[in-house]
Amino acid sequence: MSRLSRRAFLAVALFSAGLAQAQLSIEITGAGANRIPVAIVDFPGDPAASRVITATVRSDLERSGLFKLVDHGGLAFDENAPINHADWKARGADAMAAGSIGRSADGRMEARFRLYDSQKGVSLGGAAYVTSNTQLRAAGHRIADYIYEKLTGEKGVFSTRIAYVVKSRGQFLLQIADSDGQNAATALTSAEPIISPAWSPDGSKLAYVSFEKKKPVIYVHSLASGQRIIVANFKGSNSAPAWSPDGRKLAIVLSKDGNSQLYTVNADGSGLQRITQSSGIDTEPRYAADGGSIYFTSDRGGSPQIYQVGAGGGEARRVTFEGSYNVSPRPSPDGKSLAFITRREGRFQLAVMDLASRQVQVLSDSNKDESPSFAPNSRMILIATEIGGRGVLSAVSSDGRIKQRLTVAAGDVREPAWGPYYQ
Amino acid sequence: MKKLLIPALLSALLAACSTTPLPEDGGAPVESRSGASTGVTPVTAGGLDASGLPRELTDPKSKLSQRSIYFDLDKYEVKDEYKDLVAAHAKYLSTNKGFKVLIQGNTDERGSREYNLSLGQKRAEAVKRSLALLGVKDDQIESVSLGEEKPKNPGHDETAWAENRRADILYKAPDGRGEF
C-alpha cells in the first residue's frame, strides 16, 4: 500500500481579530492504495483568482487520498482550448481539467472549467461557477466536487462545512470551518463548556449543549442570524441533541425524572415525548438514516452498549456485544454502517460495524478517540482524538486506509460534527 | 417592616461540634429584611461572604463548607464515609427551607463525553436521593451533571481522575444570591 510521504500543511488565517488564535491545519497521514492520477492546469484569466481556485482544487483532490496530482508543467489552458490527450496520457494522467477565470456581467468572478478523460480522449463535462471575490475558494471546492464525482462515482464533500469546539485560554469557541479547515468562523464564545454540536439537515442551524447556565441546556442556533433558542431546559441535565432526518424533531436526553432517558421534541421545543423507560442510563441518541429508528447508548445490561429503538419508542434491541464499553453510535448517511467508540484493553478506538453482516472493524490505532461524525457521502469519519496530550481532529476513511489530521495551533479541538451537503 | 430573628452560629461552636448544624443565637448582628414571608429566613452570622451565603456554609471551620463527595471508578453509590456530611447538609436544608442546592455530578475524562454526562448525573442523583431520604424537600434540590467538562484537577493520572469523580453541593440563599 502506498503512503503519502509528503506532509501537506495548510495554515489557516482566522477571520476575526480579538478572539483567541485558533488556526486549523491539516496533515495527510495516509492515502488510498489506488489513487487516480489527475492533472489540473492553470486557468487563464485573473492570475490571483486563478491561483486561489486551482490551488484549492488541487489540495482538495490530493487531501481526499483518492487522487494523485500529475505535474502540469506550469501549463495554462482554458476550457475550450484544444487538448493533446496523448501528451497528458504520456505524463501519466488518467484525467485532466482546464478552465478560465472571467468576470460575469454583474462584476463577480466566473470560474469555468472542463474535465477530460485523458485515456479515452473525451470530455467528461464541465461547469461554470459565479462567485464573489471573497468566495473564490468556494468555487474551487465546487469544481473539486464535480471532478470527484465524475471520477469516483460518489458525491464529493469538499463544499461541506464542519463544526467543532476549541478550548483555548479558558474559553470555549464553537467554530464553523470549510471541510479543509479553512475559513473558520466562531459561532459562539463562552466561558463555560460547549459540547455535542449537531447540524440541522439543511445546514442552517446547529443544536448543541451549553453549560453557560451552570448546567447542561440544549440550544438551537441559527448560524446566519446568530439567533439562539432554548429547546430543552428542564430540571436536571439536558443533553445529546440529534436531528431527525427531516429536520422537524430532535432526539434529546433529559434527566428530569431521575436518570438520563431519551425523549423527542419538536425543533422549537414543543411536543416533548418520552422514548425510553429504563432504570439505567440511556443517552447518545442518533436517528438511523431512514428516520425510523434511533440508535443509543445504554447501561441497562450492566455495561454501556449500543441499542436500537423505534423512533416512537417501544422495545429496544441490543446492537453491540463485543467488549464492555461501546458508546457514541453514529449510523452512516447511506444506512450501511454504524460507527462507534469501543474500549479495547483500556484504549478508546473508532470502530465501524457493517449493519448487514454485523462485522466490526476497529479503524484507529489511537487511545482516546471520541465523537465520530460521518461525512455526508459516508466515505470519511471525523473523530476527536488526542496526540501529545492535546485534542486534535482526525478524519479516517470508512475502510481505514486514508487518514488526515486537523490541529489547532493554540488550543484543544474537540467535538467535531461534519455538516450536510452544500445546498 | 418586620424583623426576623436569624439563626446564627458561631464558628467556634461549629468547630467544637461539627455535627450540630442547628444554630443558636449567639448575639450576632441581625439582618433586617423587608417583604419576607413567614417562613424561616436564614442566617447572617458575622455577615455574608462574597457569594452572599451565610458564613456557616462557607467558613472552612464549618462542616457545611465541605461540599464534595467522591466516588469510585464507574460507581455512583455514596460511600459510608460521606454519610455524616450528607446528613449535615440534609439537616441544614430541612431547617432552612428557603435555601436551595444544586448538586453537580462530575466524572473523570476517560470515555464518551455524553456518556460521562449521564454518569455524572447518576452521581448527582445519588446524593439527591440521600438528601431526600433524610427529609429534604424535592423542590429544594436540583441534580445536574457537568460530566467530564469541568475537571477540578486538570491532570491525566489516577490522582487527578479520583479527584474528578465527584459530586459538589452548591447553595443558593432565599434572596437568590449564592453559588449558582
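Check the entry above for the structure.
Please read all numbers here as calculations on a predicted model, not as lab measurements.

Thresholds, definitions, all that
Residues numbered from 1 in each chain as written. Chains lettered and ligands numbered in written order. Predicted model: local features only at pLDDT ≥ 70, side-chain atom pairs only at ≥ 80, totals over all residues. Heavy atoms only, no water. Contact = heavy atoms within 4.5 Å. Buried area = accessible area lost by both parts, 1.4 Å probe. Salt bridge = Lys/Arg side-chain N within 4 Å of Asp/Glu carboxyl O. Polar contact = N/O pair within 3.5 Å; in protein donor to acceptor, adjacent residues only side chain to side chain. Helix = DSSP H or I, 4+ residues; strand = E, 2+ residues; numbered from the N terminus. Nonpolar A, V, L, I, M, F, W, Y, C, P; charged D, E, K, R; others polar. Pairing = 2+ DSSP bridges. Axes fitted to C-alpha atoms, helices over the stretch in contact; angles between N-to-C directions. Buried < 20%, exposed > 50% of the residue type's maximum accessible area, 1.4 Å probe, protein only. Expected span 1.5 Å × (residues − 1). 1 Å grid on protein atoms, 1.4 Å probe; cavity = no way out; pocket = protein on both sides within 12 Å on 5 of 7 lines; lining within 4 Å. Points joined across faces, edges and corners; volume = space filled by probe spheres on them. Domains from an automatic or database assignment. Phe/Tyr/Trp six-rings, centres within 6.5 Å; stacked < 30°, edge-to-face > 60°. Lys NZ or Arg CZ within 6 Å of the ring centre and 35° of its normal.

1. Re the interface of chain B and chain A
Inference 1: Between chain B and chain A, the residue contacts involve 28 residues of the former and 34 residues of the latter.
Inference 2: At the boundary of chain B with chain A, total buried surface from both sides reaches about 2500 Å², with 53% on carbon and sulfur atoms.
Inference 3: Considering only the side of chain B, the residues that lose the most area to chain A are Arg113, Glu114 and Tyr115 of chain B, jointly responsible for 28% of the buried surface there.
Inference 4: There are 7 salt bridges connecting chain B and chain A.
Inference 5: Two residues, Glu370 of chain A and Arg113 of chain B, come together in a salt bridge whose shortest N-O distance is 3.3 Å.
Inference 6: Between chain B and chain A we count 18 residue pairs in polar contact (both at pLDDT 80 or more) in total.
Inference 7: Elements with a contribution of two residues or more to the side of chain B that touches chain A: β2 (100–106), α4 (113–133) and β3 (141–147) of chain B.
Inference 8: Sort the elements by how many residues they give to the side of chain B that touches chain A and α4 of chain B lands first, with 10 residues.
Inference 9: By residue class, the composition of the side of chain B that touches chain A is 8 nonpolar, 7 polar and 13 charged.

2. Here's the deal with the sheet that holds β2 of chain B
All names here are of chain B.
Inference 1: A sheet is described by the order of its strands in space; here 4 strands give the open sequence β1-β4-β2-β3, paired in mixed fashion. At either end of the open sheet lies a strand with only one pairing partner, and these are β1 (68–70) and β3. Strand-to-strand twist across the sheet, computed as the mean angle between neighbouring axes with direction ignored, equals 20°.
Inference 2: For β1 and strand β4 (residues 166–172), the ladder comprises 3 bridges, and the chain directions are antiparallel. Note on β4: the bridge partner recorded for Ile69 is Ala167.

3. Comments concerning the pattern of salt bridges
Residues and elements named next belong to chain A.
Inference 1: In total, this model carries 35 salt bridges over all chains according to the counting rule given.
Inference 2: With a shortest N-O distance of 3.3 Å, Glu192 and Lys214 are connected by a salt bridge. Within this pair, whereas Glu192 is found in the loop between β9 (185–190) and β10 (194–199), its partner Lys214 is found in the loop between β11 (205–210) and β12 (217–222), the two being separated by 22 residues in sequence.
Inference 3: On the basis of relative accessible area, Lys214 is assigned to the partly exposed category, the value being 39%.

4. Let's talk about α4 of chain B
Residue and element names in this part refer to chain B.
Inference 1: When the terminal C-alpha atoms of α4 are compared, their 30 Å separation across 21 residues agrees well with the 30 Å that a helix rising 1.5 Å per residue should span.
Inference 2: Of all 21 residues in α4, 18 are buried, a share of seventy percent or more.
Inference 3: Sitting at the amino-terminal end of α4 is Ser112, which places a side-chain oxygen 3.3 Å from the backbone nitrogen of Glu114.
Inference 4: Gly135 sits one or two positions beyond α4 and adopts a positive phi of about 105°.

5. A word on the sheet that holds strand β13 (residues 228–232) of chain A
Residues and elements named next belong to chain A.
Inference 1: The sheet built from 4 strands is open, its strands ordered β10-β11-β12-β13 with antiparallel pairing. Sheet topology places β10 and β13 at the edges, where each strand pairs with a single neighbour. Strand-to-strand twist of the sheet, defined as the mean angle between neighbouring strand axes without regard to direction, takes the value 25°.
Inference 2: In this structure, β11 lies alongside β12, joined through 6 bridges in antiparallel fashion. Each bridged residue has a counterpart across the sheet, and for Ser210 the counterpart in β12 is Val217.

6. Digging into the side chain of Asp60 of chain A
Inference 1: Positionally, Asp60 of chain A belongs in helix α1 (residues 47–63).
Inference 2: Classification of Asp60 of chain A as buried rests on a relative accessible area of 0%.

7. Topic: empty space enclosed by the protein
Any space left empty among the atoms is revealed by the rolling of a water-sized probe across them.
Residues and elements named next belong to chain A.
Inference 1: Evaluation of the coordinates by the stated rule reveals 4 cavities of 30 Å³ or more.
Inference 2: Within this model, the largest cavity holds a volume of roughly 140 Å³.
Inference 3: Taken together, 13 residues line the largest cavity, and the ones lying closest to its centre are Ser64, Val157, Phe158, Met380 and Trp418.
Inference 4: Within the lining of the largest cavity, the residues separate by chemical class into 6 nonpolar, 5 polar and 2 charged.
Inference 5: Inspection of the lining of the largest cavity shows a minimum of three residues originating in each of domain 1 (35–152) and domain 2 (161–418).

8. Overview of the packing of aromatic side chains
Inference 1: Applying the stated criterion across every chain yields a total of 12 aromatic pairs over all chains.
Inference 2: For the ring pair Tyr92 of chain B and Tyr171 of chain B, a centre distance of 5.8 Å and an interplane angle of 85° mean the geometry is edge-to-face. A residue pair is termed long-range when its members are at least 10 positions apart, and Tyr92 of chain B in helix α3 (residues 83–95) and Tyr171 of chain B in strand β4 qualify at 79 residues. Summarising the burial analysis for this pair, Tyr92 of chain B and Tyr171 of chain B share the class buried.
Inference 3: Stacked on the ring of Phe234 of chain A, the Lys or Arg Lys256 of chain A has its end atom at 5.8 Å from the ring centre.
Inference 4: The ring of Trp161 of chain B carries the charged tip of Arg110 of chain B above its face, separated from the ring centre by 3.7 Å.

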